[in-house]
Amino acid sequence: MRTAAPARHRLTRALVRAPILVYRCGLGWIFGRRLVLLTHVGRTTGRPRRVVLEVVGRGPVAGSYVVASGYGRRAQWFRNVVAHPEVTYQVGRRRRDGWAYPLPSDESGRLLAEYAVRRPRTAAALMRMLDRNLDGSSAAYQRLGADAEQGVPLVLLSPTPRPST
């Protein structure tokens, strides 16, 4: 399964990063609860980094959200939150300090399939943008989310620490 490369050209990168500027100007409310501004710490630099991500669903705790790593486990933000799970995230006007937890593969698959059922056109558009060729079935999204190697892992952003199991 082929995956798209992260934006490298100046114009593409500027377009992808434009929502960060919208949030920084105090206009994040424009996106409603569809996008989240995630501020995380660089795993090697220790400097704050920002990325805007699509909200795939709500988490089990009030104020928690699930986001997808379209570029898989190789995405820089994903690698950073695995190394340093303490994050700040903003949805609309609401900003929270919290933690980022990669979800288990089976849960990622289930939640990605549920997202595709709720928002089929958005999910299909995102998959096309990422060069993912899916047939649009719930099972295809389930397989993609559950694929630990080449899939789309999901991350829970939560204002509370994850209970130890």
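Above this text you will find the structure in question.
It should be emphasised that the depicted structure is a prediction, and the values quoted were computed from it without experimental measurement. (Residues numbered from 1 in each chain as written. Predicted model: local features only at pLDDT ≥ 70, side-chain atom pairs only at ≥ 80, totals over all residues. Heavy atoms only, no water.)

Q: How should helix H5 (residues 138-146) be read in this particular structure?
A: For an α-helix the count is 3.6 residues per turn, leaving residues at separations of three or four pointing the same way. Among the residues making up H5, those that are buried are Ala 140, Tyr 141, Leu 144 and Gly 145. Taken around the axis of H5, the buried residues stretch over an arc of 130°, which confines them to a single face. (Buried < 20%, exposed > 50% of the residue type's maximum accessible area, 1.4 Å probe, protein only. Helix = DSSP H or I, 4+ residues; strand = E, 2+ residues; numbered from the N terminus. Arc of directions from axis to C-beta.)

Q: Looking at this structure, how should I read the pairing of strand E2 (residues 48-58)?
A: Residues in a regular strand project their side chains so that they alternate between the two faces of the sheet. Summarising the sheet, strand E1 (residues 35-41) and E2 pair through 7 bridges and their orientation is antiparallel. Within E2, the residue paired with Leu 38 across the bridge is Val 51. Between E1 and E2, which follow one another and run antiparallel, lie 6 residues, and Gly 46 among them has a positive phi close to 75°. The pairing of E2 with strand E3 (residues 65-68) spans 3 bridges and is antiparallel. Bridge pairing in E3 places Gly 57 opposite Val 66. (Pairing = 2+ DSSP bridges.)

Q: Looking at this model, I keep getting lost on the nonpolar core. Mind explaining?
A: One recurring pattern in soluble globular proteins: nonpolar side chains tend to sit buried together. Val 56, Val 66, Leu 103, Leu 112, Tyr 141 and Leu 154 are the most contacted members of the largest nonpolar core, which totals 18 residues. Secondary-structure elements contributing two or more residues to this core are E3, helix H3 (105-118), helix H4 (120-129), H5 and strand E6 (154-158). Looking at which element gives the most residues to this core, the answer is H3, with 5 residues. Setting aside anything within four residues of it in sequence, one finds Leu 154 in contact with Val 56, Val 66, Val 67, Ala 68, Tyr 101, Pro 102, Leu 103, Ser 108, Leu 111 and Leu 112. Counting 17 residues, the second largest nonpolar core, distinct from the first, contains Leu 38, Val 55, Ala 75 and Trp 77. (Core = buried A, V, L, I, M, F, W, Y, C linked by side-chain atoms within 4.5 Å. Contact = heavy atoms within 4.5 Å.)

Q: Is there a simple way to think about the pattern of salt bridges in this case?
A: Close approach of charged atoms lets side chains of opposite charge pair. Throughout the structure, instances matching the rule amount to 3 salt bridges. Ionic pairing is found between Arg 110 and Glu 114, a salt bridge with its closest N-O pair at 3.0 Å. Note that Arg 110 and Glu 114 are positioned in helix H3 at a spacing of 4 residues, about one turn of the helix. Residue Arg 110 is classed as partly exposed on the basis of its relative accessible area of 39%. The class of Glu 114 is partly exposed, set by a relative accessible area of 33%. What emerges from the salt-bridge pattern is a single network uniting Glu 107, Arg 110 and Glu 114. (Salt bridge = Lys/Arg side-chain N within 4 Å of Asp/Glu carboxyl O.)

Q: Sorry, what's going on with the sheet that holds strand E5 (residues 94-102) here?
A: In a beta sheet, neighbouring strands pair by backbone hydrogen bonds and run either parallel or antiparallel. Here we have 6 strands rolled up into a closed barrel, ordered E1-E2-E3-E6-E5-E4, and antiparallel in their pairing. Neighbour-to-neighbour, the strand axes of this sheet turn through a mean angle of 45°, independent of strand direction. Direction of pairing for E3 relative to E6: antiparallel, over a ladder of 4 bridges. Along E6, the bridge assignment pairs Ala 68 with Leu 154. Seen against the sheet, H3 touches E2, E3 and E6 and runs at an angle of roughly 70° to E2. (Axes fitted to C-alpha atoms, helices over the stretch in contact; angles between N-to-C directions.)

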